[in-house]
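A look at the structure
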Amino acid sequence: MSKAQIGILDLIIAAVLFMAVAIPSVYFWNLTRDRLITGMDYSEMQVKAFQLSDLLIKSEGKPTKWENTINETLALGLAESDRAISPQKLSALNATSYNTTRKLLNVGIYSFKIRLTNPGNEPIMEYGKNFTGQSSVVIERYVTYEGEKIIFEFTLWK
Amino acid sequence: MNSLFGNKGFVLSMDAAVAISIVIVVLVISSFYLSRSEDSLPKVQMMKTGSDIIAVLDNEGFLQSSNATDIKGEINDLLPPAYNMRVSINGTFLSQALIIETGTEPVGATFIGGGKRFFVITSPSPGYGIIKFWIWLK
């Protein structure tokens, strides 16, 4: 066999080996990268959903009587005391436009839905947009409303 | 070491082999890390549930009476079926701590969430108390 033939054979073998390693490596690299990004996105949603649910059920908002002057509201909160929902604040939230609430809650690229039900799953109030996206985080919290225990469900989705 | 075409080809091949090995090691380690990373949502959800339950007990007035049967009944009503919970109530109005458990203690290396809440007693005489909770998966 001449040198040139050996050289070409060597090149072909090297090229085949390279393709055999490079193609699965690129595929696996992209797969790992996508999984990382998806995981980070979901973690961010989880953190934000918990922060927003905490804000709504533990805080009175700012100013504390924001339900009287919605235009001067700096921060939303539905609590009259820790985890006791105020009927007046709930009514004020219901009367506020979804876009205004989105800005006050600073949800960014996400959408949300708030749902209050009694322990028998009968709805008390619903506010926000129904899920029509690709991923969501649903948080259920126990609170009291007018002296009775209810479930505060907060869904953050995109 | 002398090959037909000199040593350059061998060195280049070695270089390529080392580079591919590094890529494969990085991919294996990152894949291993991804498969091991835990979702934190269940643990946070569990702790928030425990915190919410003792807040609801306080808001509904169960802590005012400190009736163990009533408190245990309310906890069983609120606690999701997957969890067990232990509650300890202490305060100026109690001669000794009140301990309430919904099930058996956890076995093995189980994550246990916990927290506490301070509350005020208005009757029969003013005072204050501390309720602590521990919550874990069955």
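Before reading on, note that the structure itself is shown above.
It should be emphasised that the depicted structure is a prediction, and the values quoted were computed from it without experimental measurement.

A closer look at a nonpolar patch on the surface
A cluster of nonpolar residues, Ile-8, Leu-11, Ile-12 and Val-16 of chain A, forms a patch on the protein surface that exposes about 390 Å² of accessible area. A relative accessible area of 48% places Ile-12 of chain A in the partly exposed class.

With respect to the packing of aromatic side chains
All names here are of chain A. Applying the stated criterion across every chain, the model contains 5 aromatic pairs over all chains. Aromatic pair Phe-112 and Tyr-127: ring centres 6.2 Å apart, planes at 40 degrees, arrangement tilted. Remark: Tyr-127 occurs in strand β4 (residues 123–128) and Phe-112 occurs in strand β3 (residues 111–117); sequence separation between them is 15 residues. Comparing Phe-112 with Tyr-127, the two get one shared label, buried. Ring geometry for Phe-112 versus Phe-154: centroids 5.9 Å apart, planes at 15 degrees, classification stacked. Linking Phe-112 in strand β3 with Phe-154 in strand β6 (residues 148–157), this pair joins segments that are 42 residues apart in sequence. With respect to class, Phe-112 is no different from Phe-154; both count as buried. Linked through ring pairs, Tyr-98, Phe-112, Tyr-127 and Phe-154 together constitute an aromatic cluster.

Brief notes about the sheet that holds β3 of chain A
All names here are of chain A. Ordered in space as β1-β2-β5-β6-β3-β4, the 6 strands form an open sheet in which the pairing is mixed. The open sheet has two edge strands, β1 (79–81) and β4, and neither has a second partner. Taken strand by strand, helix α3 (residues 98–105) contacts β3 and β4, and its axis lies near 100 degrees from that of β3.

Considering the pattern of salt bridges
In total, this model carries 17 salt bridges over all chains according to the counting rule given. We note a salt bridge from Arg-141 of chain A to Asp-54 of chain A, for which the minimum N-O separation is 2.8 Å. Residue Arg-141 of chain A is located in strand β5 (residues 136–145), and its partner Asp-54 of chain A is located in helix α1 (residues 3–58); the two are separated by 87 residues in the primary sequence. With respect to burial, Arg-141 of chain A and Asp-54 of chain A carry one shared label: buried. Here Lys-149 of chain A ties to Asp-77 of chain B by a salt bridge, and the two come within 3.1 Å at their closest N and O atoms. A residue pair is termed interchain when its members come from two chains, as with Lys-149 of chain A in strand β6 and Asp-77 of chain B in helix α4 (residues 68–78).

Here is what the cut-offs are and how they apply
- Here the residue numbering is sequential within each chain, running from 1 through the sequence in written order.
- Naming scheme: in the order in which they are written, chains are lettered from A and ligands are numbered from 1.
- This being a predicted model, a pLDDT of at least 70 is required before a residue's local features are given, and a value of 80 or more before pairs of side-chain atoms are given or counted; all residues contribute to the totals for chains, interfaces and linings.
- As a rule here, side-chain values come from all non-hydrogen atoms in the structure, and water together with hydrogens is ignored.
- Patches draw on residues past 30% relative accessible area with no salt bridge. Two like charges within 9 Å are joined, as are two nonpolar side chains (Val, Leu, Ile, Met, Phe, Trp, Tyr) within 5 Å.
- Surface accessibility in these figures is a Shrake-Rupley result with a 1.4 Å probe; residues are shielded only by whichever protein chains are displayed.
- Salt bridges are defined by distance alone: a side-chain nitrogen of Lys or Arg within 4 Å of a carboxyl oxygen of Asp or Glu.
- A simple rule labels every residue: compare its accessible area, found with a 1.4 Å probe on the protein chains alone, to the largest value its type can have, and call it buried under 20%, exposed over 50%, or partly exposed in between.
- To pair, rings of Phe, Tyr and Trp, with the six-membered ring standing in for Trp, must have centres within 6.5 Å; the planes then decide the type, stacked if under 30 degrees apart, edge-to-face if over 60, and tilted in the middle.
- Helix numbers and strand numbers start at the N terminus; a helix is a DSSP run of H or I with at least 4 residues, a strand a run of E with at least 2.
- The pairing criterion is simple: DSSP has to find at least two bridges between the two strands.
- Working rule for contacts: check all heavy atoms of both residues, and any pair within 4.5 Å makes them a contact.
- The convention used is that axes are lines fitted to C-alpha atoms, helices contributing only their stretch in contact, and that angles between N-to-C directions extend from 0 to 180 degrees.

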